[in-house]
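This is what each chain is made of:
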Amino acid sequence: MLKNSQKDTIYAQAHEAIGAFQFDESVVAVFPDMIQRSVPGYQTILTGIGELTKQYSQANTKLYDLGCSLGAATLTMRRNIQVEGCEIISIDNSKAMIQRAEEYLHAYHSDVPVNLKCADMTEVPIENASVVVINFTLQFIDPEQRDELVKRIYQGLKPGGVLILSEKIHFEDQAIQTAIENMHWQFKRANGYSELEISQKRSSLENVLISDTEAQHLKRLNNAGFTSASIWFQAYNFASFLAIK
Ligand SMILES: C[S@@+](CC[C@H](N)C(=O)[O-])C[C@H]1O[C@@H](n2cnc3c(N)ncnc32)[C@H](O)[C@@H]1O
Ligand SMILES: O=C(O)C(=O)C[C@]1(C(=O)O)C=C[C@@H](O)C=C1
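None of the values given here were measured: they were computed from a predicted structure. (Residues numbered from 1 in each chain as written. Chains lettered and ligands numbered in written order. Predicted model: local features only at pLDDT ≥ 70, side-chain atom pairs only at ≥ 80, totals over all residues. Heavy atoms only, no water.)

Quick look at the UniProt feature "domain: Methyltransferase" (unreviewed entry) in the protein chain
Argument step 1. Those places that UniProt annotates as "domain: Methyltransferase" (unreviewed entry) correspond, in this numbering, to residues 65-161.
Argument step 2. Along residues 65-161, the helical share is 36% and the strand share 26%, with 14 Å between the first and last C-alpha atoms. (UniProt positions renumbered as here; feature names shortened; annotations may be inferred. Helix = DSSP H or I, 4+ residues; strand = E, 2+ residues; numbered from the N terminus.)

Written out as structure tokens, the structure is:
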């Protein structure tokens, strides 16, 4: 987990109107605390990304972290590459995130080069890749662009390469959706968020974070060409998929 984060109090005061959630300077300042207290299993997923990087990185290839924020997944990938000639390409379209990510990445030494870019992940070429990570970011991409992006990732992966995709998901069955959503809110309460914070954050994410179901994700992965695809970790309504080319 990235250190030196301020406590997330962004939604602690009552706002007259809740604006759409944005990855701006105020979110950047509290982001490690926010994601840790909002996403059940976040730390376990980062550990798993490290384990999968160890297993699947291939010599002389590229590894991608798409929607890297402050580079938490990039750091764990970088620590776990055990083969020669790799480069990590880390992309985020928030300037504020990329600026802060630079500081974090330079704070630790590594021989693996990281190319940190402020860009839209739907426009970045994916080539000669062994590991592609999208950790809680596809959910913020226009749903119409998701199939094409996953197809391009499949095409840019070498045989034996992997896509690790973590997402907030929802459930077709309304009773199950209600039960699991309640468990997520309880997780937030247990982590110190108030009812006001939970409800204001929820409003701000409406129409910004557009989740898919497990079935939609698996169908998209299969349609892109991945014959092996499965959830490898799930905590409530947060799941991480592994797709192998
Ligand atoms: C929930 S955060 C990702 C967390 C991060 N991957 C981690 O493991 O800590 C989502 C990130 O996606 C970025 N993002 C959203 N849309 C994007 C796009 N089209 N291209 C690149 N980055 C994008 C946001 O700026 C934000 O930093
Ligand atoms: O669903 C929520 O309440 C969340 O806070 C989730 C989530 C995410 O999944 O990315 C949303 C925005 C922040 O980046 C951190 C966590």
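Now, onward.
Considerations on the environment of Tyr11
Argument step 1. By secondary structure assignment, the location of Tyr11 is in the segment before helix H1 (25-38).
Argument step 2. Separated by 170 residues in sequence, Tyr11 and Glu181 place their C-alpha atoms 19 Å apart.
Argument step 3. Apart from the residues within four sequence positions on either side, Tyr11 is in contact with Phe21, Leu196, Glu197, Gln200, Lys201 and Ser204.
Argument step 4. Here the side chain of Tyr11 touches Ser204 through a polar contact of 3.0 Å, side chain to side chain. (Contact = heavy atoms within 4.5 Å. Polar contact = N/O pair within 3.5 Å; in protein donor to acceptor, adjacent residues only side chain to side chain.)

Focus: the site of ligand 2
Argument step 1. Neighbouring ligand 2 are 15 residues; Ser38, Gln139, Lys168, Lys188 and Lys201 lie closest to it.
Argument step 2. A distance of 3.1 Å separates an oxygen atom of ligand 2 from a polar side-chain atom of Gln139.
Argument step 3. Side-chain polar atom of Lys188 to an oxygen atom of ligand 2: 2.4 Å apart, as the coordinates give it.
Argument step 4. In the complex, the protein chains occlude 97% of the 360 Å² of accessible area that ligand 2 would expose alone. (Near = heavy atom within 4 Å. Areas by Shrake-Rupley, 256 points an atom, 1.4 Å probe, with all protein chains shown as cover.)

Let's talk about the layout of surface pockets
Argument step 1. In this structure, the largest pocket spans a volume of roughly 750 Å³.
Argument step 2. Taken together, 45 residues make up the lining of the largest pocket; nearest its centre are Phe23, Ser69, Phe136, Thr137 and Phe140.
Argument step 3. Among the residues making up the lining of the largest pocket, the classes are represented as 26 nonpolar, 12 polar and 7 charged.
Argument step 4. Size it by volume and the second largest pocket reaches roughly 380 Å³.
Argument step 5. Looking at the lining of the second largest pocket, the elements with two or more residues in it are helix H6 (174-190) and helix H7 (195-205). (1 Å grid on protein atoms, 1.4 Å probe; cavity = no way out; pocket = protein on both sides within 12 Å on 5 of 7 lines; lining within 4 Å. Points joined across faces, edges and corners; volume = space filled by probe spheres on them. Nonpolar A, V, L, I, M, F, W, Y, C, P; charged D, E, K, R; others polar.)

Let's talk about unusual backbone geometry
Argument step 1. For Phe136, which is not glycine, the phi torsion reads 60° and is therefore positive.
Argument step 2. On the secondary structure map, Phe136 appears in the loop between strand S4 (129-135) and helix H5 (143-156).
Argument step 3. At Tyr236, a position not held by glycine, the phi torsion is positive, near 55°.
Argument step 4. Among the residues examined, Tyr236 registers a relative accessible area of 33% and is labelled partly exposed. (Buried < 20%, exposed > 50% of the residue type's maximum accessible area, 1.4 Å probe, protein only.)

Focus: the packing of H1 against helix H4 (residues 95-106)
Argument step 1. Viewed as axis vectors pointing N to C, H1 and H4 meet at an angle of 35°, and their least axial separation amounts to 9 Å. Crossing hand, H1 versus H4: right-handed. Every residue of H4 that contacts H1 at Glu25, Val27, Val28, Ala29, Phe31 and Pro32 is listed here: Ala96, Met97, Arg100 and Tyr104.
Argument step 2. Partitioned by chemical class, the residues of the contact of H1 with H4 number 8 nonpolar, no polar and 2 charged. (Axes fitted to C-alpha atoms, helices over the stretch in contact; angles between N-to-C directions. Left-handed = near helix turned anticlockwise from the far one by under 90°.)

Notes on the packing of H1 against H6
Argument step 1. With their axes 8 Å apart at the nearest point, H1 and H6 run at an angle of 130° to one another. The angle between H1 and H6 falls in the class oblique. Together, Gln36, Arg37 and Ser38 of H1 and His184, Phe187 and Lys188 of H6 make up the contact between the two elements.
Argument step 2. The class makeup of the residues in the contact of H1 with H6 is 1 nonpolar, 3 polar and 2 charged. (Parallel < 35°, antiparallel > 145°, perpendicular 65-115°, else oblique.)

Overview of the environment of Ala235
Argument step 1. Secondary-structure assignment places Ala235 in strand S6 (residues 228-235).
Argument step 2. Residues Ala235 and Gln13, 222 residues apart in the sequence, show an inter-C-alpha distance of 29 Å.
Argument step 3. Those residues in contact with Ala235 that sit more than four places away from it in its chain are Pro40 and Gly41.

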